[in-house]
Amino acid sequence: MKVPQIAERAFYVKVLAGEECQCDRPKNRGKAFCYRCFRELPTAMQRALYRPLGLGFEQAYEEAVKWLQTNVCDAHDGSERLRRHRES
Ligand SMILES: [Zn+2]
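Reading the values: the criteria
- Residues numbered from 1 in each chain as written.
- Predicted model: local features only at pLDDT ≥ 70, side-chain atom pairs only at ≥ 80, totals over all residues.
- Helix = DSSP H or I, 4+ residues; strand = E, 2+ residues; numbered from the N terminus.
- Buried ≥ 20, exposed ≤ 12 C-beta atoms within 10 Å, placed from the backbone.
- Contact = placed C-beta atoms within 7 Å.
- pLDDT = per-residue confidence, 0-100.
- Core = buried A, V, L, I, M, F, W, Y, C linked by C-beta atoms within 7 Å.

## Side note on the overall build of the chain
Reasoning step 1: The secondary structure content of the chain amounts to five helices and zero strands.
Reasoning step 2: Going from the N terminus to the C terminus, the chain shows its helices and strands as α-α-α-α-α.
Reasoning step 3: Taking all 88 residues of the chain together, the buried fraction comes to 16%.
Reasoning step 4: Taking the contacts inside the chain whose residues are at least 6 apart along the sequence as the reference set, 41% of them involve residues at least 24 apart.

Have a look at this one:
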């Protein structure tokens, strides 16, 4: 597996402190993703996101964002995703 590009620590601090998920939906402070994104992730990735900053969270976050953008093709389009959820 290719090691993802890791950003500055400040970036992850902001991610965790923020109230907006990478998919633009609101999320809880202290969480990496909103519940919907988190739920889409494989269990191993969900577990990795509980690692503290500096101890693997950065890598876990990058992997998870990449996974979401690859496997959940409409991660950046909430309405499209909502439609799909309604249909299923
Ligand atoms: Zn999200």
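So much for the structure itself; the text now carries on.
## Some details on the confidence of the model for the chain
Reasoning step 1: Residues of the chain with pLDDT of at least 70 account for 77%, and the chain-wide mean is 86.
Reasoning step 2: The secondary-structure element of the chain with the lowest mean pLDDT is helix α5 (residues 78-87), recorded at 56, while helix α3 (residues 43-48) shows the highest, at 98.

## Regarding unusual backbone geometry
Reasoning step 1: Of note in the backbone geometry, Asp24 takes a positive phi value of approximately 80° without being a glycine.
Reasoning step 2: Looking at the element boundaries, Asp24 is found in the loop between α1 (9-17) and α2 (35-40).
Reasoning step 3: By the C-beta count within 10 Å, which is 12 here, Asp24 ends up exposed.

## With respect to the nonpolar core
Reasoning step 1: Membership of the largest hydrophobic core is limited to eleven residues, which are Val15, Cys21, Cys23, Ala32, Phe33, Cys37, Leu41, Ala60, Tyr61, Ala64 and Leu68.
Reasoning step 2: Considering each element in turn, this core owes the most residues, four residues, to helix α4 (residues 57-71).

## A look at the environment of Ala64
Reasoning step 1: Looking at the secondary structure, you find Ala64 in helix α4.
Reasoning step 2: Take Ala64: there are 23 C-beta atoms within 10 Å of it, and that puts it in the buried class.
Reasoning step 3: Along the sequence, Ala64 and Leu41 sit 23 residues apart, while their C-alpha atoms lie 7.0 Å from each other.
Reasoning step 4: For Ala64, the contacting residues outside a window of four places in its chain are Ala32, Phe33, Leu41, Met45 and Leu49.

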